Amino acid sequence: MKYNPDENGYYGQFGGAFIPELLYPNVKEIEDNYIQIIESEEFQEEYKALLKDYVGRPSPLYLAKRLSEKYGATIYLKREDLNHTGAHKVNNTIGQILIAKKLGKTNIIAETGAGQHGVATATVCALMGLDCTVFMGEVDIERQAPNVARMRMLGAKIIPATSGSKTLKDATNEAIRYWIQNPETFYLIGSVVGPHPHPDMVARLQAIISEEMKWQLKEKTGKENPDTIIACVGGGSNAAGAFYHYLEDEEVELIAVEAAGLGVDSGESAATSQLGEVGVIHGSKTILMQDEYGQIVEPYSISAGLDYPGVGPLHAFLHDTKRAKFMNATDEEALQAAYELTKIEGIIPALETAHALAVLPKMDLKPDQTIVINLSGRGDKDLETYIKHLED
Ligand SMILES: *Cc1c(COP(=O)(O)O)cnc(C)c1O
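These notes cover the structure that comes with them. (Residues numbered from 1 in each chain as written. Predicted model: local features only at pLDDT ≥ 70, side-chain atom pairs only at ≥ 80, totals over all residues. Heavy atoms only, no water.)

The next thing to look at is the overall build of the chain. Counting secondary structure elements, the chain contains 16 helices and 14 strands. The globule rule puts the C-alpha radius of gyration for 392 residues at 21 Å, and the 19 Å found for the chain is close to it. Viewed in the frame of its principal axes, the chain has a C-alpha envelope of about 55 × 50 × 40 Å. Burial statistics for the chain: of 392 residues in total, 59% are counted as buried. Across the chain, contacts joining residues at least 24 apart in sequence account for 73% of those joining residues at least 6 apart. In the chain, the 36 positive side-chain charges and the 56 negative ones have mean positions that sit 4 Å from each other. (Helix = DSSP H or I, 4+ residues; strand = E, 2+ residues; numbered from the N terminus. Rg over C-alpha atoms; globule rule 2.2 N^0.38 Å. Buried < 20%, exposed > 50% of the residue type's maximum accessible area, 1.4 Å probe, protein only. Contact = heavy atoms within 4.5 Å. Lys, Arg positive; Asp, Glu negative; His and termini not counted. Charge placed at Lys NZ, Arg CZ, Asp CG, Glu CD.)

Scanning all chains against the criterion turns up five aromatic pairs. Aromatic pair F43 and Y47: ring centres 5.2 Å apart, planes at 25°, arrangement stacked. Residue F43 and its partner Y47 are both found in helix α2 (residues 41-55); the two are separated by four residues, about one turn of the helix. Over the aromatic face of Y246 sits the side chain of K214, whose NZ or CZ is 4.9 Å from the ring centroid. (Phe/Tyr/Trp six-rings, centres within 6.5 Å; stacked < 30°, edge-to-face > 60°. Lys NZ or Arg CZ within 6 Å of the ring centre and 35° of its normal.)

What follows concerns the pairing of strand β6 (residues 131-137). Among the seven residues of β6, six are classified as buried, and the element is accordingly described as predominantly covered. As paired strands, strand β5 (residues 107-112) and β6 are joined by six bridges and run parallel to one another. Paired with T112 across the bridge in β6 is M136. With respect to chirality, the unit in which β5 leads through helix α5 (residues 116-128) into the neighbouring parallel β6 is right-handed. Summarising the sheet, β6 and strand β7 (residues 157-161) pair through five bridges and their orientation is parallel. (Pairing = 2+ DSSP bridges. Right-handed = clockwise from strand over helix to strand, strands pointing away.)

What follows covers the site of the ligand. Surveying the vicinity of the ligand reveals 16 residues, the closest of which are K89, S191, G234, G236 and S237. Contact distances for the ligand include 2.6 Å between an oxygen atom and a side-chain N or O atom of K89. A distance of 3.2 Å separates an oxygen atom of the ligand from a polar atom in the backbone of G235. Considered on its own, the ligand offers 380 Å² of accessible surface; in the complex 96% of this is hidden by protein. Put simply, the ligand lies in the largest cavity. Looking at the shell around the ligand residue by residue, the class counts come to three nonpolar, eleven polar and two charged. Viewed by domain, the shell around the ligand spans two of them, domain 1 (24-50 + 89-202) and domain 2 (56-87 + 207-391), each represented by three or more residues. (Near = heavy atom within 4 Å. Polar contact = N/O pair within 3.5 Å; in protein donor to acceptor, adjacent residues only side chain to side chain. Areas by Shrake-Rupley, 256 points an atom, 1.4 Å probe, with all protein chains shown as cover. 1 Å grid on protein atoms, 1.4 Å probe; cavity = no way out; pocket = protein on both sides within 12 Å on 5 of 7 lines; lining within 4 Å. Sits in = over half its atoms within 2 Å of the grid points. Nonpolar A, V, L, I, M, F, W, Y, C, P; charged D, E, K, R; others polar. Domains from an automatic or database assignment.)

Moving on to unusual backbone geometry. For residues that are not glycine, phi is negative in most cases, and the peptide bond is trans in most cases. With an omega of 0°, the peptide bond running from R57 to P58 counts as cis. With respect to the secondary-structure elements, P58 resides in the loop between α2 and β3 (61-63). Looking along the chain, the bond that leaves H196 and enters P197 is cis, with omega of 10°. By the secondary structure assignment, P197 is in the loop between β8 (186-187) and α9 (198-206). Positive phi, normally seen in glycine, also occurs at K166, with a value near 60°. With a phi close to 60°, K322 is a non-glycine residue in the positive phi region. Looking at where K322 falls in the secondary structure, it is placed in the loop between α13 (313-320) and β13 (324-330).

A separate point is the packing of helix α1 (residues 24-39) against α9. Between α1 and α9, the shortest axis-to-axis distance is 10 Å and the interhelical angle comes to 10°. On the basis of the axis angle, α1 is roughly parallel to α9. Note on element contacts: α9 touches α1 through H198, D200, M201, R204 and L205, opposite I30, Y34, I35, I38 and E39. The residue inventory of the contact of α1 with α9, partitioned by class, reads six nonpolar, one polar and three charged. (Axes fitted to C-alpha atoms, helices over the stretch in contact; angles between N-to-C directions. Parallel < 35°, antiparallel > 145°, perpendicular 65-115°, else oblique.)

As a further point, take a nonpolar patch on the surface. Taken together, the side chains of I348, L383 and I387 present a nonpolar region at the surface, about 240 Å² in accessible area. Assignment of secondary structure puts I348 in the loop between α14 (331-345) and α15 (351-357). A relative accessible area of 37% means that I348 is categorised as partly exposed. (Patch = residues over 30% accessible without salt bridge, like charges linked within 9 Å, V, L, I, M, F, W, Y side chains within 5 Å. Salt bridge = Lys/Arg side-chain N within 4 Å of Asp/Glu carboxyl O.)

That's the geometry; what it means functionally is another story.
Structure representation (structure tokens):
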């Protein structure tokens, strides 16, 4: 497939594995085995059984009638918010924990920002009885107390990252540092980022989203393909999953929505495709927000899950080749979209997801247009933010 990485892990000019020598054998071991493991009957059986009985898949494809009426198009919501642990992230952690087990790894590490990936990782480690260490920025530990409590209850050890801005990027740096010192651990990365083969491995595990969309749409509309798919992008894993089986169906419009924070040109934003340039971050060549010296510019978004200074290499490629259209939404637009979905459909979305919903008013929609929005997660974790801004 044109959108798979080549043998060196490159999507066009993006990707690769920029790793220190010490990590090479560990990364090579994953690279040599991941596709064979994922495609094996044994893995597929175990993975699909857990997705069904533990996660609650297939996630419904819901025709949002009142939202459709409001925007004058046919809008479906892919309900990843109904998964166990409340978002798409568990699709990936279930898959990677099975791969780790096949490779004989017993010690799992992960990075987390808002704590969603940390919770999804701690959950599958509890499920499998494996040791779990989560790296998290000191600032995020304070901001995300409920998720920290969940991870502790699930048995994970939390290591605070105390460098830089003490947020996600710094937690990732700490996780990579630990990995270099302990190369036998399995680094369970939470998005389609990091050195090859992680971006491709995570994309293949999230691809279950579009695999289900195809047969669900066929059942409901008689056609496998919608006209448009919309997903929010932090690192890009829920978008990669929602796009995956449609990448080569060029007539399907793919829209990736980034967080504009206080506005793309405000200096407080995470709209990487607008502001970024080619560089290397966390082991991968991609587009990222950086200053003239190549130092990373701190990203900002009201949603912790979109607050990342880069995007995965697949998305850099989709942007470069114009296969996906990149749009963005500000904090305020996302908040309004979340209040709207809650009022007219009775669904409280995650703040990240609300960015995907927020582009509807900016689109030129047609009555016969079928749209799928990937509802990446639920809003329980964001209630405090929603209530605070309602009162403003
Ligand atoms: C983490 C998260 C995201 C952003 O991550 P991607 O890898 O870009 O998908 C989006 N939505 C929700 C609900 C999340 O928890």
